Amino acid sequence: MTLETGRAAIGPLDIKRVMAALPHRYPMLLVDRVEELVPDRRIAAIKAVTINEHFFQGHFPGRPIMPGVLIVEALAQAAGVLAVESLGLAGSGKLVYFMAIDGAKFRVPVEPGVILRLEVEFVQKRSSVCKFAGRALIEGKLAAEANFTAMIADPPAA
């Protein structure tokens, strides 16, 4: 499928390809798979939410719910994959840093056992700063949404 960008959609991308795009590792890697990526446009990724997640031990005992900040982080990581793949930066060591989060809304609790679909699209792209709109869905139902801005930068010097 080719859209107005003239670039073909790619996917699915397995965890190895996700890890080539992102520096995150367990327990902070929150993207398990990319279903589809249209360079310069959008991404659809998956986070399988399991009871084995470290945060469920304390959030909340007897009623495990994925923290909203981690849902937004999962959306941001999906955006990071989109940006890195769109700009051809996979394996370059470049990092995608949060700059702003706007309009975050949480509609339904995200509980263990669900597949969280992460849909993110570019809203604006400049040389090193990108704006995104993201939605997290469970079985097609909106669970959370947010707009966010990120900066692509070199990693800090060692």
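Residues numbered from 1 in each chain as written. Predicted model: local features only at pLDDT ≥ 70, side-chain atom pairs only at ≥ 80, totals over all residues. Heavy atoms only, no water.

Here the focus is the environment of Asp14. Within the fold, Asp14 resides in the segment before helix H1 (15-21). Overall, Asp14 belongs to the partly exposed group, its relative accessible area being 43%. Considering only alpha carbons, one finds Asp14 and Thr149, 135 residues apart in sequence, at a separation of 25 Å. Within polar-contact distance, the side chain of Asp14 engages the backbone nitrogen of Lys16 at 3.1 Å. (Helix = DSSP H or I, 4+ residues; strand = E, 2+ residues; numbered from the N terminus. Buried < 20%, exposed > 50% of the residue type's maximum accessible area, 1.4 Å probe, protein only. Polar contact = N/O pair within 3.5 Å; in protein donor to acceptor, adjacent residues only side chain to side chain.)

What describes a pair of aromatic rings is the distance from one ring centre to the other and the angle between the planes of the rings. According to the stated counting rule, one finds four aromatic pairs in the structure shown. Both rings, one in Phe55 and one in Phe56, keep their centres 4.6 Å apart while their planes meet at 65°; by these two values the pair is edge-to-face. Pair check on accessibility: Phe55 and Phe56 agree, each one buried. Members of the aromatic cluster, joined through ring pairs, are Phe98, Phe122, Phe132 and Phe148. Taking the ring centre of Phe122 as reference, the NZ or CZ of Lys125 above it sits at 5.2 Å. (Phe/Tyr/Trp six-rings, centres within 6.5 Å; stacked < 30°, edge-to-face > 60°. Lys NZ or Arg CZ within 6 Å of the ring centre and 35° of its normal.)

Once that is clear, we can look at a nonpolar patch on the surface. A cluster of nonpolar residues, Tyr97, Met99 and Met151, forms a patch on the protein surface that exposes about 260 Å² of accessible area. Considering the arrangement of structural elements, one finds Met99 in strand S3 (residues 95-106). (Patch = residues over 30% accessible without salt bridge, like charges linked within 9 Å, V, L, I, M, F, W, Y side chains within 5 Å. Areas by Shrake-Rupley, 256 points an atom, 1.4 Å probe, with all protein chains shown as cover. Salt bridge = Lys/Arg side-chain N within 4 Å of Asp/Glu carboxyl O.)

Relative to strand S6 (residues 141-153), S3 runs antiparallel, the two sharing nine bridges. Its bridge partner being in S6, Asp102 is matched across the sheet by Asn147. Relative to S6, strand S5 (residues 129-138) is paired through 10 bridges, and the arrangement is antiparallel. Across the sheet, the residue bridging to Gly134 is Ala146, located in S6. From the end of S5 to the start of S6, which pair antiparallel, there are two residues, and Glu139 there has a positive phi angle of about 50°. (Pairing = 2+ DSSP bridges.)

Okay, the sheet that holds S6 next. Ordered in space as S1-S2-S4-S5-S6-S3, the six strands form an open sheet in which the pairing is antiparallel. With one partner strand each, in any of the chains shown, strand S1 (33-38) and S3 form the two edges of the open sheet. Averaged over all neighbouring strand pairs, the angle between strand axes comes to 20°, with direction disregarded. In the sheet, strand S4 (residues 115-125) pairs with S5 via nine bridges, with the strands oriented antiparallel. In the strand pairing of S5, Leu116 is matched with Ile138. Each of S1, strand S2 (42-48), S3, S4, S5 and S6 touches helix H2 (residues 68-86); the most contacted strand, S4, lies at about 55° to it. (Axes fitted to C-alpha atoms, helices over the stretch in contact; angles between N-to-C directions. Contact = heavy atoms within 4.5 Å.)

Per-residue confidence for the protein averages 93 on the pLDDT scale, and 96% of its residues sit at or above 70. Looking at the elements of the protein, mean pLDDT is at its lowest for H1, recorded as 93, and at its highest for S2, recorded as 98. (pLDDT = per-residue confidence, 0-100.)

Grouped together as the largest cluster of nonpolar side chains are 44 residues, with contacts concentrated most on Val34, Met66, Val110, Leu116, Leu118 and Phe132. Of all the elements, H2 adds the most residues to this core, at 12 residues. (Core = buried A, V, L, I, M, F, W, Y, C linked by side-chain atoms within 4.5 Å.)

For the bond running from Gly11 to Pro12, omega is 0°, close enough to zero to count as cis. Cis geometry is adopted by the peptide bond preceding Phe60, which originates at His59 and carries an omega value of -5°. Tracing the backbone through its elements, the reader meets Phe60 in the loop between S2 and H2. In this model, Asp40 sits at a positive phi of 70°, which is unusual for a non-glycine residue. The topology assignment puts Asp40 in the loop between S1 and S2. You can call Asp40 partly exposed: its relative accessible area is 22%.

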